[in-house]
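Chains, contacts and geometry: an overview
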Amino acid sequence: MAIVEMKKLFLIGLQADKDRILNAIQFMGNVEIDDIELDEYIGEGYGGESQLLERYDGQGIVERIESQLSEIKFALNFIGRYNNVKRSVFAPKPAVSLKELNKVRKNADSILQVAGTCRELEQRLTELSARATRVLSTKQQLLPWRELNVPLEQIGDTVTVHTMIGTVEKGVAAQFEEKMIQELGSREFYIQKVGEDKEQVNYFLAYHKGLAEEVEARLKELGFSRVSFSNMQGTPVDIIQRCDRELQAIEAERKKIEEQARSLAVRVNELEILYDALSIQKEKEEQGLKLLKTGQAFLLKGWIPSRYAEAFVSKMQSVTPAVYIRLEDPAPDELFPVAYDNPPLVQPFELVTELYSTPHPRSIDPNPFVAPFFFIFFGIMMGDAGYGIVIASVAYLAMRKLRLKGMGKKLGMLVFLGGISTFLWGAVFGGWFGNMGQLLGLPPLWFDPAGQPIKMLIFCFALGLIQIFVGMGIKAYMSIRQGKVWDAIFDQGFWYITLIGLVLMVTYSKVVGQCMALAGAMGLVLTQGRHQKNIIKRLLSGLLSLYNITGYFSDMLSYSRLFALGLAGGVIGTVINQLGLMAAKSWIGWIIAIVVLVAGHSFNILINILGAYVHSSRLQYIEFFGRFFEAGGHAFKPLRIKTKFIDVYKEEEAV
């Protein structure tokens, strides 16, 4: 239960063995590769030799792999659009051996051709879509003109006649037509209404060129807008029919392409395996850029947990005898990556700390102390045994079916343990799906918080005080470990005496409590300004330090949220029961009641899980970590196999 001891690793190998060595490191998954700076060797007297060292120029390979991954991702999305096969959320990832993975990688060009085909089909669909848009636009333009029997290419000038088409606003169309006929109808002028839409009426006009000046003036006066359809051949009806035939052809072509896309579904597994294979390779290539090389050799620098060091050396020597490995303890002031070594029941609570920050590598692992408090606080805030059974059951099934790993496994286990705690505290306080326990005659094992709120508040404050005291104790331990025994006595010991004295004044003996509180306060006044050289400043700093007592009480009051959230969840659950049971007067009413109860309590569980998680974390981050937590570390990130679609396992012959 501590931060894992690390060894600094230097490895020198032949470039010919580089891939095999990195493959072995990646599969072992316990080495973090450091970026090596050339300057550090110049500073250590390697000035002449450092000219032999240079970085790998593999960025092009990484970019090529990223491009391939992008194409595969596109292909999977493209094929998925045209296939209705849905993968179950609870379906486990298929297991693929290293040997099979390497086989797929060697066949990458063939599989990538599938992605190329998808890209080609997508391009054709895009072109068809653009073509269909153009055809539909043409058809929409001509639909109001379908009564025009004149081919569009013939509209214009002849030797003696001028023809045109145009529109007039619908509100003035009757007036326009009447005036044109009245003024020009008896002469060489012809007008025909050839359609309309919601806003305009369409006309075809033909007149002798000798009337052009007069007609143009009248048309302008009456608001006539000339229309032209260039590059169109035939009457509007002919063109519309051609558009329909072309749209049908486009639709047929589109269906044919979609059928081709559906037929590619059989290649999805290959694409997914190749995606993970390339992801693994990309990770290895990126880490490989941190190495330095000479003409024939390469240098790797990194970190490995001490407990894996011996096995690592043995493994590397089995990969190749031509390898030099040096393992060192980190220098006293050197930062190393932080990994935890906790028992299975504590590991889920590492998630709470990881979401806050990574502790300094030479401080203390807070997770064993976070675990019991988070477990208790989450359960009290949920405070319903029925909800606890539901939460634990769902989390257990999810872990069994999904075979979660890494952070997902920690989260699943955290929710499962939260469900267990919720069940325990629900039974203690008599919460069973709101007030269902009372209705069924199930009494609380201890007391009902809603009936005895003061008792519940005191209990919450007591839990808070215990956690604050534990945080102070951890800080005192850290000071003593660093040889600062007096700091532990002055900064935590006197506060212990003061706070315990104040508690005793209220709960046990006023005289004893006053004596302890005064003694502790006197000690604080005399010691909290000890870093000041001036004696007056020293005393003033000591006096001002007593103001921090408000911070302790403020922190303790924060634990009242344990009661508040538990009470809120219980009241909402009771209201849901009342609403549901109001309808339970007949068999139909019972169906409605069941729906209301299931939906209402499901909603209440989700809301309360969110609230309990956030506020339990908040108590750790602010009230607890504020007493001792030292940030400044970075999490251990070893080179390892990370996959999205498959689980990789190793066959001995594939090593």
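1. Digging into the pairing of strand β2 (residues 6–14)
Here nine bridges tie β2 to strand β11 (residues 297–305), and the two strands are oriented antiparallel to one another. Its bridge partner being in β11, M6 is matched across the sheet by P305.

2. Quick notes on the environment of P359
When you line up the elements, P359 lands in the loop between α11 (350–354) and α12 (367–382). Through-space distance from the C-alpha of P359 to that of K315 is 31 Å; in sequence the pair is 44 residues apart. Apart from residues lying up to four places away in sequence, P359 is in contact with I3, V338, Y340, I364, P366, F629, E630, A631 and G633.

3. Digging into the pattern of salt bridges
Counted according to the given criterion, the structure contains 30 salt bridges. Note that E122 and R81 form a salt bridge whose closest N and O atoms lie 2.8 Å from each other. Of this pair, E122 sits in helix α5 (residues 108–142) while R81 sits in helix α3 (residues 59–81), and the two are 41 residues apart along the sequence. Residue R81 is classed as partly exposed on the basis of its relative accessible area, which comes to 48%. With its nearest N and O atoms 2.2 Å apart, the salt bridge here joins E251 to R254. Of this pair, E251 and R254 both sit in helix α8 (residues 236–263), three residues apart, which is roughly one turn of that helix. On the basis of relative accessible area, E251 is assigned to the partly exposed category, the value being 29%. On the accessibility criterion, R254 (28% relative accessible area) is partly exposed. Overlapping salt bridges bring together K8, R326, E328 and E334 as one network.

4. Comments concerning the environment of I572
Take I572: it is sitting in helix α21 (residues 561–582). A C-alpha to C-alpha distance of 7.2 Å links I572 and G434, two positions 138 residues apart in sequence.

5. Section: the nonpolar core
By size, the foremost hydrophobic cluster in this structure holds 55 residues, and its most contacted members are I380, F429, M456 and L562. Not counting residues within four places of it along the chain, the set of residues in contact with I380 comprises W425, F429, M456, F459, L463, L562 and G566.

6. Quick word on the pairing of β11
The buried fraction of β11 amounts to nine of the nine residues, a majority that puts the element mostly inside the structure. Every second residue of β11 is oriented toward a common face, with A297, L299, K301, W303 and P305 on one face and F298, L300, G302 and I304 on the other, all of them buried. Sheet topology note: the strand β3 (residues 32–33)/β11 ladder contains two bridges and is antiparallel. Counterpart to I33 in the pairing with β11 is G302. Where strand β10 (residues 292–293) meets β11, two bridges bridge the pair, whose relative direction is antiparallel. By the bridge assignment for β11, L292 is matched with L299.

7. Topic: the packing of aromatic side chains
Inspection of every chain in the model, using the stated rule, returns 37 aromatic pairs. Ring geometry for F429 against W446: centres 6.3 Å apart, planes inclined by 25°, an arrangement best described as stacked. With F429 in helix α14 (residues 406–429) and W446 in the loop between α15 (436–439) and α16 (453–481), this pair connects stretches of sequence that are 17 residues apart. We classify W446 as partly exposed; its relative accessible area is 43%. Within the aromatic cluster, the residues linked to one another by ring pairs are Y356, F373, F377, Y559, Y621, F624, F625, F628 and F629.

8. So, the confidence of the model for the chain
Confidence along the chain averages 90 in pLDDT terms, with 96% of residues attaining 70 or more. Low pLDDT (under 50) marks residues 45–49, which in the prediction has three contacts with non-local residues, meaning those over four places away or in another chain.

9. Section: the environment of G13
With respect to the helices, strands and loops of the structure, G13 is situated in strand β2. Residue class for G13 comes out buried when judged on its relative accessible area of 3%. Separated by 273 residues in the primary sequence, G13 and E286 place their C-alpha atoms 18 Å from one another. Excluding its chain neighbours within four sequence positions, the residues that come into contact with G13 are Q296, A297, F298 and A322.

About the cut-offs
Residues numbered from 1 in each chain as written. Predicted model: local features only at pLDDT ≥ 70, side-chain atom pairs only at ≥ 80, totals over all residues. Heavy atoms only, no water. Pairing = 2+ DSSP bridges. Helix = DSSP H or I, 4+ residues; strand = E, 2+ residues; numbered from the N terminus. Contact = heavy atoms within 4.5 Å. Salt bridge = Lys/Arg side-chain N within 4 Å of Asp/Glu carboxyl O. Buried < 20%, exposed > 50% of the residue type's maximum accessible area, 1.4 Å probe, protein only. Core = buried A, V, L, I, M, F, W, Y, C linked by side-chain atoms within 4.5 Å. Phe/Tyr/Trp six-rings, centres within 6.5 Å; stacked < 30°, edge-to-face > 60°. pLDDT = per-residue confidence, 0-100.

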